[in-house]
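# Architecture and fold: a report
Listed below, chain by chain, are the residues.
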Amino acid sequence: FLFNLAADCNAVLKALQPIFQEQGMTETVHNWEDHGYLATYIKKNGSFANLRIHPHGLVLVDLQSYNDHMKGREEADQLLNKVEERMKELFRGNIKRVKRLPAILRGGVIDRYWPTADGRLVEYDIDEVVYDEDSPFQNIKILHSKQFGNILILSGDVNLAESDLAYTQAIMGSGKEDYTGKEVLILGGGDGGILYEIVKLKPKMVTMCQTSNIDQMVIDGCKKYMRKTCGDVLDNLKGECYQVLIEDCIPVLKRYAKEGRMFDYVINDLTAVPISTSPEEDSTWEFLRLILDLSMKVLKQDGKYFTQGNCINLTDALTLYEEQLSRLYCPVEFSKETVCVPSYMELYPYKLKKTGEC
């Protein structure tokens, strides 16, 4: 509850005390004079409520209970309904805003809550844990969402859902590129989505190279539970026009550069732009610069390099990424495109084009 003016803390406390007492809850009140009141109400079954009254005009009510059935949730709703009715009845003229938040379910069998890159908490409509395994490198989860289909989550980071064709299309150039007869190198892409879409476009050869932290278990999980994304391309590590290398991409890039092997397209799906804005303190920035430099060495003079950015709200991090491009050994120009990735619930920008002699 947000009041128009300063709140009468004592009046608020006296107005709400009877509601909690009717529930048989034991009361403890802390008074900090100029800093308002904190009242706690505890029930014999372990449920409790915190009533925090700030004198500047903010009243917060938090209710926590352990219930694994609908009856408990109904009891909580009924209590909060009474609190809201009493507050509106007594302070209607002074209440500027009432905000009721849905319950957060903690410790459930299915974890529905995953953070966005810019620090917001998203609750997904997860109804099933499809796959949950620990590889030597990371935890691999595939969870089913009623809205987004199966979602691949690696070490707590939402990677891709079956709904996210927009992401795959954007990192391939948004349908503006002709991959027919072309040599393509994919860095990362363990979910198989990029490989599956490019193979449809009749390339000469696609090489998908993993890294040490995108492992065989990711491919195993995706080829079984993310088939709407990867189709059948992960069933075999070699196909008529593609191959999948389960090895660190850095030595592979160095080997290709030494051999003089060149590609029309390099698509980097390894990692997003780091959230940190201090590249000297974050080894991920060094990794990205290394990948960029090595990629330029295997990219044809008229070739194109596509990669992801990060949440569009992370403006400082995205600007810093662009600054890294001027530090490469080879001159490049770049352009950006922003797309909405459904399961991310965020706008994601990138694309980069090699220019000049290297």
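Residues numbered from 1 in each chain as written. Predicted model: local features only at pLDDT ≥ 70, side-chain atom pairs only at ≥ 80, totals over all residues. Heavy atoms only, no water.

### Some points on unusual backbone geometry
In this structure, Ser174 takes a positive phi of about 55° despite not being glycine. In this fold, Ser174 is placed in the loop between α3 (165–171) and β13 (183–188). In this model, Met345 sits at a positive phi of 55°, which is unusual for a non-glycine residue. (Helix = DSSP H or I, 4+ residues; strand = E, 2+ residues; numbered from the N terminus.)

### A few points about the sheet that holds strand β10 (residues 139–145)
If you walk across this open sheet you meet the four strands as β9-β10-β11-β12, and the pairing is antiparallel. Sheet topology places β9 (126–134) and β12 (157–161) at the edges, where each strand pairs with a single neighbour. On average, adjacent strands in this sheet sit at an angle of 25° to one another, irrespective of strand direction. Pairing of strand β11 (residues 149–154) with β12 involves four bridges; the strand directions are antiparallel. Residue pairing for β12: Ile151 is matched across the bridge by Ala161. The sheet strands contacting helix α5 (residues 216–225) are β9, β10 and β11, and the helix crosses β9 at an angle near 150°. (Pairing = 2+ DSSP bridges. Axes fitted to C-alpha atoms, helices over the stretch in contact; angles between N-to-C directions. Contact = heavy atoms within 4.5 Å.)

### Quick word on the UniProt feature "active site" (unreviewed entry) in the chain
In this structure's numbering, the residues bearing the UniProt feature "active site" (unreviewed entry) are Asp269. Tracing the backbone through its elements, the reader meets Asp269 in strand β16 (residues 263–269). Relative accessible area serves as the criterion here: at 10%, Asp269 is assigned to the buried category. Filtering out sequence-adjacent residues up to four positions away, Asp269 remains in contact with Tyr167, Ile171, Leu187, Gly188, Gly189, Asp191, Ile194 and Gln308. At a separation of 2.3 Å, a polar atom in the side chain of Asp269 contacts the side chain of Tyr167. (UniProt positions renumbered as here; feature names shortened; annotations may be inferred. Buried < 20%, exposed > 50% of the residue type's maximum accessible area, 1.4 Å probe, protein only. Polar contact = N/O pair within 3.5 Å; in protein donor to acceptor, adjacent residues only side chain to side chain.)

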